[in-house]
Amino acid sequence: MTPVQTTKMSNFRWVICGLLFLATTVNYMDRQVLSLTWKDFIAPEFHWSDDDYGTITGWFSIFYAIANLFAGKFIDWMGTKKGYLIAIFVWSTGAVMHAGCGWVAMNIEGYDSIEALRLVQAGSDAAVAIATVSVWLFLSCRMILALGEAGNFPAAIKVTAEYFPKKDRAFSTSIFNSGASVGALAAPATIPLLARAWGWEMAFIIIGVLGYVWMGLWMWLYEKPHKSKFVNQAELNYIEQDTDIADVQGKQEAKEEKTISFWKCFTYKQTWSFIVGKLMTDGVWWFFLFWAPAYFSDQYGYTSDSTMGILLILTLYAIVTVLSIGGGYLPKYFVENRGMNPYLGRMRAMLIFAFFPLLGLFAQPLGAYSPWWPAILIGLLGAGHQAWSANLFSTIGDMFPKSTIGTITGIGSMAGGLGSFAINKGSGKFFTWAAEQGSNYTFFGFEGKPAAYMVVFCICAVAYLIGWVIMKTLVPKYKPIVVD
């Protein structure tokens, strides 16, 4: 027997997957600090309306979309080690900078304290000026946050393609992608309590510093598989089982040199399929990420730092976290037990997951009986999204060469950001308008803002099935891109 056959395979790829999970967790916690503090802590100080918050979340999505357009290419050019380090440094710095917005607004407007901002009469010209200045300050910080966060998924997907064979990518992606729901789960358990104990500013600082800690771990542990001292030959052979190159260590880099130009990517239907999948569904996840705390506060009176408010959000994201990891198992079952190719197996799984969001249609009606119903149903919707998202990301590795994975991920994430802008900015204006209309605006038996929530929930519910149909029409069967 050869030494490779007798040597026990190392499993360092799962350590790398754990780092990706941690980065994604920190990513989403940084993103969610604002959603968990704006309604009950920040808005009273700066006199924000739903429309103001919608402006901030909507334009954050645009910044994120534009950054994603270049982030993937940046990761492909810079490499995963340096590219990921730069990305998390930028977004952590942007997160920490939010803490200074109150102090800067206070000085620009000429007040002696933050409390003086709060005491300004609501609706007055002074209140409008404070709101306007503070919105622009937060937007500046969100722009930096978005610039850095845009690098997370292109880098993570590229690392996954480096460290896992095709058959394991959906599962490994579902694990690190679950960091989004774990971050969303950890955030409500910590951020409102931090804000209540030490102020909302410290919540931004403490969560932002976690990114700097991750950077140290990444510098210590990450190298490409064939260069890593933690990966033995047996594991390297397992990782590279899909390659046609006989000498993995000597020739794999030559294979990765060939790439596809940025604009040429748009000539492939496979690219547009991924764009559609992200455009139609990313905004749904971001809507609930940004608005769920405000929803439970508006509709049921449970503030983000109340025991019931924390329990509702924890329940929602606990469901997402537990169920979404299984999203990687289903396509693996279709491939290994049903003999499907990876793409067909993923599309079959995605069709099943596309039905989960339909449960969102019942969240608002059943909320009349108990707020636990929308928490549970939105949680199931979110679990369906995360399972969908993990498989959607994995279709890139099925179709495109490794050298282009970051670019395609960035293009698709840009589309997702545009979808998120539409739903978040649109919802903010819609909620403000519906609240002003009161009983004059009705939908499915609801009036005012509850009616507006019902409308948005309906849009979210059907987005996945529409997206799946368009994707399947564009790429009906497995057809990988070959670079000449």
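Please read these numbers as outputs of a predicted model, since none were measured by experiment.

Considering helix α13 (residues 269-300)
- Counted at 1.5 Å a residue, the expected span for α13 with its 32 residues is 46 Å, and the 45 Å between its end C-alpha atoms agrees.
- Most pronounced at Trp291, the bend in α13 amounts to some 55 degrees, and the proline Pro293 follows within four residues.
- Within α13, 25 of the 32 residues are buried, which leaves the element mostly enclosed by the surrounding structure.
- Gly301 sits one or two residues past α13 and shows a positive phi near 80 degrees.

Here's the deal with the nonpolar core
- Counting 148 residues, the largest nonpolar core has Trp48, Phe138 and Phe287 as the members making the most contacts within it.
- The element best represented in this core is helix α2 (residues 12-46), accounting for 17 residues.

Topic: the side chain of Arg13
- When you line up the elements, Arg13 lands in helix α2.
- For Arg13, a relative accessible area of 4% puts it in the buried group.
- Discounting chain neighbours no more than four positions away, the residues touching Arg13 are Tyr163, Phe164, Glu235, Tyr238 and Ile239.

Let's talk about empty space enclosed by the protein
- A complete count under the given rule lists 6 cavities of 30 Å³ or more for this structure.
- Sorting the residues of the lining of the largest cavity by element identifies α2, α13 and α18 (372-399) as the ones contributing at least two each.
- Taken together, the residues of the lining of the largest cavity break down into 6 nonpolar, 5 polar and 3 charged.
- What the second largest cavity holds in volume is close to 80 Å³.
- Gln270, Ser273, Phe274, Tyr343, Thr395, Ile396, Met399, Phe400, Met471 and Val475 together form the lining of the second largest cavity.
- Residue composition of the lining of the second largest cavity, by class: 7 nonpolar, 3 polar and no charged.

Focus on the packing of aromatic side chains
- Applying the stated criterion to the full structure yields 56 aromatic pairs.
- With a centroid separation of 5.8 Å and 40 degrees between ring planes, the pair formed by Phe138 and Trp200 is classed as tilted. Here Phe138 is found in helix α7 (residues 125-149), whereas its partner Trp200 is found in helix α10 (residues 200-221), with 62 residues between them in sequence.
- Take Phe138: its relative accessible area is 0%, and that puts it in the buried class.
- Judged by centre distance (6.2 Å) and plane angle (40 degrees), the ring pair of Phe153 and Phe176 falls under tilted. Of the two residues, Phe153 sits in helix α8 (residues 152-163) while Phe176 sits in helix α9 (residues 166-198), which places them 23 residues apart along the sequence.

Details of unusual backbone geometry
- At His47, a position not held by glycine, the phi torsion is positive, near 60 degrees.
- On the basis of relative accessible area, His47 is assigned to the buried category, the value being 18%.
- If you check the backbone angles, Phe444 has positive phi at about 50 degrees while not being a glycine.
- The class of Phe444 is exposed, set by a relative accessible area of 64%.

Focus on the pattern of salt bridges
- Evaluation of the coordinates by the stated rule reveals 14 salt bridges.
- Measuring nitrogen to oxygen at the nearest pair gives 3.1 Å for the salt bridge that ties Glu235 to Arg13. Within this pair, whereas Glu235 is found in helix α11 (residues 233-239), its partner Arg13 is found in helix α2, the two being separated by 222 residues in sequence. Arg13 matches Glu235 in its accessibility class, with the two residues each being buried.
- When the shortest N-O distance is used, the salt bridge between Lys449 and Asp298 registers 3.2 Å. Taken together, the residues Lys449 in helix α20 (residues 448-474) and Asp298 in helix α13 connect sequence positions 151 residues apart.
- Connected through salt bridges with shared partners, the residues Lys39, Asp50, Asp298 and Lys449 form a single ionic network.

A look at the packing of α2 against α7
- The interhelical angle for the contact between α2 and α7, taken along N-to-C directions, is 175 degrees, at an axis separation of 12 Å. Between α2 and α7, the crossing angle belongs to the class labelled roughly antiparallel. Seen from α2, the contacting residues are Asn27, Asp30, Arg31, Leu34, Ile42, Glu45 and Phe46; seen from α7, they are Ala127, Ile130, Ala131, Ser134, Phe138, Arg142, Leu145 and Glu149.
- Each residue belonging to the contact of α2 with α7 can be placed in one class, and the counts come to 8 nonpolar, 2 polar and 5 charged.

Procedures and definitions
Residues numbered from 1 in each chain as written. Predicted model: local features only at pLDDT ≥ 70, side-chain atom pairs only at ≥ 80, totals over all residues. Heavy atoms only, no water. Helix = DSSP H or I, 4+ residues; strand = E, 2+ residues; numbered from the N terminus. Expected span 1.5 Å × (residues − 1). Bend = angle between axes of the 7 residues up to and from the residue. Buried < 20%, exposed > 50% of the residue type's maximum accessible area, 1.4 Å probe, protein only. Core = buried A, V, L, I, M, F, W, Y, C linked by side-chain atoms within 4.5 Å. Contact = heavy atoms within 4.5 Å. 1 Å grid on protein atoms, 1.4 Å probe; cavity = no way out; pocket = protein on both sides within 12 Å on 5 of 7 lines; lining within 4 Å. Points joined across faces, edges and corners; volume = space filled by probe spheres on them. Nonpolar A, V, L, I, M, F, W, Y, C, P; charged D, E, K, R; others polar. Phe/Tyr/Trp six-rings, centres within 6.5 Å; stacked < 30°, edge-to-face > 60°. Salt bridge = Lys/Arg side-chain N within 4 Å of Asp/Glu carboxyl O. Axes fitted to C-alpha atoms, helices over the stretch in contact; angles between N-to-C directions. Parallel < 35°, antiparallel > 145°, perpendicular 65-115°, else oblique.

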